[in-house]
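# Residue-level structural notes
Residue-level listing of the chains:
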Amino acid sequence: LRRFSFTTEGVFSGAISPDGKYIAYSARIGGRSSLWLRSLATETSREVPGTEGAFYFFWSPDSLSLGFAVGDPDFELKRVSIEQGSPLRLCALPAKGNLSFLGGTWSPDGERIVFSSGLRLYEIASRGGQPVGIHEQATDIGFEVRGSIAHAHQTSGTWPAGYADGAKNQASMA
């Protein structure tokens, strides 16, 4: 067991990279949220440039990128390289407001991203494009594998949990 303390104020969620080398986390400082990266080797943290307003992030399977959403006024899905820090806009989120984005996950090969927006699941190429709706609003509570995509659902939302062909969404801490 290894314990961590953060000197950054307002830390509210985090996830360990698939390769186990980093912890990415969201922090709100001065009323502004952004993503931060902490190396587990050196235990130093740095803000990831271009992630202002980010929420609900997720790691790429190669641990080189983070997917994330930004909210009002843009409501967009983006990705950023942890090395270069220049975000790429993937698409406008189909839904706006509180349920604009509930999470995402990359395919094992890194070529596709499944994300939730509103009460539906969408899939998009990991380099961006037009999102395609792949699942409608749930009418019950449960966990389902549809095709190669696993997801949890309830009447108030649908959350991608991973691809059924081996990849899983990263565990997160609150």
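Owing to the predicted nature of the structure, the values given are computational and were not obtained by experimental measurement. Here, residues in each chain are numbered from 1, in the same order as that chain's written sequence. pLDDT decides what is reported in this predicted model: residues at 70 or higher carry local features, side-chain atom pairs at 80 or more are listed and counted, and totals for whole chains, interfaces and linings draw on all residues regardless. Remark: hydrogens and water are excluded; side-chain values derive from all non-hydrogen atoms of the structure.

### Description of the overall build of the protein chain
Numbered from the N terminus, helices here are DSSP runs of H or I no shorter than four residues, and strands are runs of E no shorter than two. Helices and strands together make up the secondary structure of the protein chain, namely 0 helices and 15 strands. For each residue, the accessible area found with a 1.4 Å probe, counting protein chains only, is set against the maximum for its type, and the residue is called buried under 20%, exposed over 50%, and partly exposed in between. Scored against the burial criterion, the 174 residues of the protein chain give a buried share of 44%. Throughout, a residue-residue contact means that at least one pair of heavy atoms, one from each residue, lies within 4.5 Å. Expressed as a percentage of contacts within the protein chain between residues at least 6 apart in sequence, the contacts between residues at least 24 apart total 32%. Total accessible area on the protein chain stands at roughly 8,800 Å², and carbon and sulfur atoms take up 50% of it. For the area figures, the Shrake-Rupley method with a 1.4 Å probe applies, and any residue is considered shielded solely by the protein chains shown.

### Details of the sheet that holds strand β5 (residues 54-59)
Ordered in space as β5-β6-β7-β8, the 4 strands form an open sheet in which the pairing is antiparallel. The two strands at the open ends of the sheet, each matched to only one other strand, are β5 and β8 (88-92). Between one strand and the next, the sheet's axes are offset by a mean angle of 25 degrees, whatever the strand orientation. Of the strand pairs in this sheet, strand β6 (residues 65-70) and strand β7 (residues 76-81) are connected by 6 bridges, and their pairing is antiparallel. From the neighbouring strand, V70 faces β7, where its bridge partner is E76. DSSP calls a pair of strands paired once it identifies at least 2 bridges connecting them. Here an angle of 0 to 180 degrees is reported between the N-to-C directions of two axes, which are lines fitted to C-alpha atoms, with helices fitted over the stretch in contact.

### So, the side chain of S60
Of note, S60 is situated in the loop between β5 and β6. Polar contact is defined as a pair of N or O atoms within 3.5 Å, subject to the rule that within protein one atom must be able to donate a hydrogen and the other to accept it, and that residues adjacent in sequence are counted only when both atoms are side-chain atoms. A polar side-chain atom of S60 sits 3.3 Å from the main-chain amide nitrogen of L64. The residues touching S60, leaving out its near neighbours within four places in the chain, are P18, S65 and W106.

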